[in-house]
Amino acid sequence: MSNDSVIKLIQPETFDDQLTDVLRAGARALLAQAVEAEVADFLGRHADVKTTEGRRRIVRHGHLPEREVMTGIGAVAVRQPRVRDRGVGAHDPGRIRFTPAILPPCVRRSKSLEAVLPVLYLKGISMGDFSEALAALLGRDSAGLSASTIGRLKDIWRDEHAHWQKRDLSAKRYVYIWADGIYLEARLQEEKQCILVLIGATPEGKKELVGLTDGARESAHDRRDLLLDLKRRGLEVPPELAIADGGLGFWKAAGEVWPRTREQRCWVHKTANVLAKLPKSQQPKPRI
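Quick notes on the overall build of the protein
Along its length, the protein carries seven helices and nine strands. Each of the 288 residues in the protein was classed as buried or not, and the buried ones make up 32%. Within the protein, counting contacts between residues at least 6 apart in sequence, those at least 24 apart form 53% of the total. Accessible surface, the protein as shown: approximately 18,900 Å² in total, 55% of it carbon and sulfur.

Brief notes about the pairing of strand S4 (residues 81–85)
Across the two faces of S4 the burial differs, with Pro81, Val83 and Asp85 buried and Arg82 and Arg84 not buried at all. Sheet analysis places strand S1 (residues 58–63) next to S4, joined by four bridges and oriented antiparallel. Bridge pairing links arginine 60 to valine 83 in S4.

Focus on the packing of aromatic side chains
The relative placement of two aromatic rings is captured by the distance of their centres and the angle of their planes. As enumerated under the stated definition, the model contains three aromatic pairs in all. For the pair phenylalanine 250 and tryptophan 251, a centre-to-centre distance of 5.3 Å together with 65 degrees between the ring planes defines the contact as edge-to-face. For tryptophan 251, a relative accessible area of 14% translates into the label buried. One cation-aromatic arrangement involves arginine 167 over tryptophan 164; the distance from NZ or CZ to the ring centre is 3.9 Å. Above the face of the tryptophan 178 ring, lysine 207 is positioned so that its terminal group lies 4.9 Å from the ring centre.

Examining the environment of glutamate 208
Here glutamate 208 is to be found in strand S7 (residues 207–214). For the pair glutamate 208 and isoleucine 177, spaced 31 residues apart in sequence, the C-alpha to C-alpha distance is 9.6 Å. When residues no more than four places from it in sequence are discounted, the contact partners of glutamate 208 are Lys172, Tyr174, Leu198, Ile199, Gly200 and Thr202. Engagement of the side chain of glutamate 208 in a polar contact is seen with the side chain of lysine 172, the distance being 3.2 Å.

Quick notes on the nonpolar core
In terms of nonpolar packing, the biggest core is built from 20 residues, with Ile177, Leu198, Val210, Leu227, Leu230, Leu235 and Phe250 touching the most fellow members. Contributing elements (two or more residues each) for this core: strand S5 (176–184), strand S6 (193–201), helix H5 (220–232), strand S8 (241–244) and helix H6 (248–257). At five residues, the largest contribution of residues to this core is made by H6. When near neighbours in sequence (up to four residues on either side) are disregarded, leucine 227 contacts Leu198, Phe250, Ala253, Ala254, Val257 and Trp258. By size, the runner-up hydrophobic cluster in this structure holds seven residues, among which are Val35, Leu43, Val83 and Phe98.

Looking at the side chain of arginine 167
By the element assignment, arginine 167 lies in the loop between helix H4 (147–165) and S5. Although arginine 167 is buried, it makes no salt bridge; glutamate 208 carries the closest opposite charge, 6.5 Å away. A polar side-chain atom of arginine 167 sits 2.6 Å from the main-chain carbonyl oxygen of valine 210. Beyond its immediate sequence surroundings of up to four residues, arginine 167 is in contact with Leu209, Val210 and Arg233.

A word on the side chain of histidine 46
Secondary-structure assignment places histidine 46 in the loop between helix H1 (18–45) and S1. In terms of polar contacts, histidine 46 uses its side chain to reach the backbone carbonyl oxygen of phenylalanine 42, at 2.9 Å. Apart from residues lying up to four places away in sequence, histidine 46 is in contact with Ile58 and Ile96.

Concerning the pattern of salt bridges
Two side chains carrying opposite charge are able to pair once their charged atoms lie near each other. Across all of its chains, the model carries nine salt bridges by this definition. One network of salt bridges, with partners in common, ties together Asp229, Arg232 and Arg233.

What to know about the packing of H5 against H6
Where H5 meets H6, the axes come as close as 8 Å, and the angle between the chain directions of the two elements is 35 degrees. Every pair of crossing elements has a handedness; the one defined by H5 and H6 is right-handed. Of H6, the residues touching H5 (which contributes Ala220, Arg223, Arg224, Leu227, Leu228 and Lys231) are Gly249, Phe250, Lys252, Ala253, Ala254, Glu256 and Val257. Here the contact of H5 with H6 is composed, by residue class, of seven nonpolar, one polar and five charged.

Overview of the environment of valine 76
You can see valine 76 is positioned in strand S3 (residues 74–78). Residue valine 76 is classed as buried on the basis of its relative accessible area, which comes to 5%. For the pair valine 76 and alanine 25, spaced 51 residues apart in sequence, the C-alpha separation works out to 8.0 Å.

Some thoughts on the confidence of the model for the protein
Confidence in the prediction for the protein averages 76 pLDDT; 64% of positions are at 70 or higher. At the low end of the mean pLDDT range in the protein sits helix H3 (residues 130–138), at 59; at the high end sits S8, at 92.

Parameters and conventions
- Residues numbered from 1 in each chain as written.
- Predicted model: local features only at pLDDT ≥ 70, side-chain atom pairs only at ≥ 80, totals over all residues.
- Heavy atoms only, no water.
- Helix = DSSP H or I, 4+ residues; strand = E, 2+ residues; numbered from the N terminus.
- Buried < 20%, exposed > 50% of the residue type's maximum accessible area, 1.4 Å probe, protein only.
- Contact = heavy atoms within 4.5 Å.
- Areas by Shrake-Rupley, 256 points an atom, 1.4 Å probe, with all protein chains shown as cover.
- Pairing = 2+ DSSP bridges.
- Phe/Tyr/Trp six-rings, centres within 6.5 Å; stacked < 30°, edge-to-face > 60°.
- Lys NZ or Arg CZ within 6 Å of the ring centre and 35° of its normal.
- Polar contact = N/O pair within 3.5 Å; in protein donor to acceptor, adjacent residues only side chain to side chain.
- Core = buried A, V, L, I, M, F, W, Y, C linked by side-chain atoms within 4.5 Å.
- Lys, Arg positive; Asp, Glu negative; His and termini not counted.
- Salt bridge = Lys/Arg side-chain N within 4 Å of Asp/Glu carboxyl O.
- Axes fitted to C-alpha atoms, helices over the stretch in contact; angles between N-to-C directions.
- Left-handed = near helix turned anticlockwise from the far one by under 90°.
- Nonpolar A, V, L, I, M, F, W, Y, C, P; charged D, E, K, R; others polar.
- pLDDT = per-residue confidence, 0-100.

Structure representation (structure tokens):
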């Protein structure tokens, strides 16, 4: 039997991508320059601090061991300069310490990469497949993000969400509130999960995520619980205007919790409903 029809797929760690190599080299050089500039600024601000012998107290002291930071273009190796306080002992509470803002000691991943991890998880990537998926995206050096790492990140995300759900709203005021139900197909569940979302606009025009919870899209009960929870946490001033689609659940709940708030039908939903009644070939033509 001939094996001519068998095609060997290129593995992420085997191909030669010169563009990515150039980007990584450039990122490493820029990061090194930024860290060096931060150290130089720190030393400059403490140049007048002297030891009892009259020598400069804060000086450079070599480099810390090289470490890798996982970024959107793969692993970038960095060496952070070490700063020494010669005036006191290593464990003295009065010791002047250098803590870089660009590259804190505990950072192992860039914020952009951390932002994509929950998205991949919600899209159905199981914890055991994260290493393989990230290796395909970022190269074999990303394999350090194991199932246990993703498990720990899940615990962090859960704690952050719980803290956000309990935050104090007594100092908040929203002029407008947009309400909608978003269906998710997270984790490949048979039934889509509906997330009830509220977006608010402050008097200064800034949009903020006000509240969200899972529930039935048309459920007045779930909407009412969400609005009452906002009031319990200090959101006493009702919005001037509430905008939502034609679902009756939110309007019933809003009328009970915010009886003086004016109501407006969302034009985006209304336009989509009208266009949905037209043939696809005719949908681009109307101007509503």
